[in-house]
Amino acid sequence: MMRTAIFWPMIGHVVLVVVLYAMLAVRRKDAVKAGNARVSQFRENQQEPAESLFVKNSLANQFELPVLFHIGCIALYVTGGATALAIVLAWLFVASRYVHAWIHVTSNRVRYRQPVFTAGFAIVVVMWVLLALRLFAI
């Protein structure tokens, strides 16, 4: 059971992505309804309305650093390195993603967003160090 617990933080991150997709759809629909955007402009997605721009950027951000997180989790699982420490780090990373996304879709203040991103980045680096140490031990 403990060994597969590494997948729950991954699922937690996927939930965040699903929520952001739903939020993007709602904000785009509201922008069209308010006359601030046309449905046709989403075909090539060159012009994002202000109402949904922060959400679109936050969603795109979920496919950058988190890719290393998901790969790291799977690699830790495969190598037997999904220890309690790795699982705690994974949950901390996911929590940082939720906070980062919240800041991104609300105030979008870089002053607050950047330290949260940096913390998540550091957590992923530590997870990869754990994986490297695990590989040296095998």
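Not measured: the values here are computed from a predicted model.

The rules we used
Residue positions are counted from 1 within each chain, in the order its sequence is given. Only residues with pLDDT of at least 70 are given local features in this predicted model, and only at 80 or more are side-chain atom pairs given and counted; all residues enter the totals for whole chains, interfaces and linings. In computing side-chain values, all of the structure's heavy atoms are included and hydrogens and water are not. Take the buried Ala, Val, Leu, Ile, Met, Phe, Trp, Tyr and Cys residues and link them wherever side-chain atoms come within 4.5 Å; each set so joined is a nonpolar core. Note on classification: 1.4 Å probe, protein chains only; a residue is buried when its accessible area is under 20% of the maximum for its type, exposed when over 50%, partly exposed between these limits. Secondary structure is summarised from DSSP: a helix means a run of H or I of at least four residues, a strand means a run of E of at least two, and numbering begins at the N terminus for each. Residues are treated as being in contact if the distance between any of their heavy atoms lies within 4.5 Å. Structural elements are reduced to axes, namely lines fitted to C-alpha atoms, with helices fitted over the stretch in contact, and the angle between N-to-C directions of any two is expressed from 0 to 180 degrees. Any angle from 65 to 115 degrees is called roughly perpendicular, while one under 35 is roughly parallel, one over 145 is roughly antiparallel, and all others are oblique. Rotating anticlockwise by less than a right angle from the far helix to the near helix defines a left-handed crossing, while the corresponding clockwise rotation defines a right-handed one. In this count, Pro and Cys sit with the nonpolar residues alongside Ala, Val, Leu, Ile, Met, Phe, Trp and Tyr, while Asp, Glu, Lys and Arg are called charged and the others, Gly among them, polar. We call Phe, Tyr and Trp rings a pair once their centres come within 6.5 Å, taking the six-membered ring for Trp, and we label the pair stacked below 30 degrees between planes, edge-to-face above 60, and tilted otherwise. The span one expects for a helix is its residue count, reduced by one, times 1.5 Å.

1. Re the nonpolar core
- Counting 19 residues, the largest nonpolar core has I6, F69, C73, A90, F93 and M127 as the members making the most contacts within it.
- Top element by residues in this core is helix α4 (residues 84–105). It accounts for 6 residues.
- The residues touching F69, leaving out its near neighbours within four places in the chain, are P9, M10, A90, F93, V94, V124 and M127.
- V17, V55, L59 and A101 belong to the second-largest nonpolar core, a separate cluster that totals 8 residues.

2. A few points about the packing of helix α1 (residues 7–33) against helix α2 (residues 50–61)
- One can describe the packing of α1 onto α2 by two numbers: an axis separation of 9 Å at closest approach and a directional angle of 160 degrees. Looking at the two axes, α1 sits roughly antiparallel to α2. Here the hand of the crossing between α1 and α2 comes out left-handed. Seen from α1, the contacting residues are V17, L20, Y21, M23, L24, R27, R28 and A31; seen from α2, they are E51, S52, V55, K56, S58 and L59.
- A per-class count over the contact of α1 with α2 returns 8 nonpolar, 2 polar and 4 charged.

3. Overview of the packing of aromatic side chains
- What the rule picks out here adds up to 2 aromatic pairs.
- When the centroid spacing of 4.6 Å and the interplanar angle of 25 degrees are considered together, the rings of F69 and F93 count as stacked. With F69 in helix α3 (residues 65–78) and F93 in helix α4, this pair connects stretches of sequence that are 24 residues apart. Of the two residues examined, F69 and F93, each falls in the buried class.

4. Examining helix α5 (residues 110–137)
- If you check α5, its first and last C-alpha atoms are 40 Å apart, about what 28 residues at 1.5 Å a residue would give, namely 40 Å.
- Residues R113, V116, G120, I123, V124, M127 and L131 constitute the buried set of α5.
- Contact partners of the buried residues in α5: α3 and α4.

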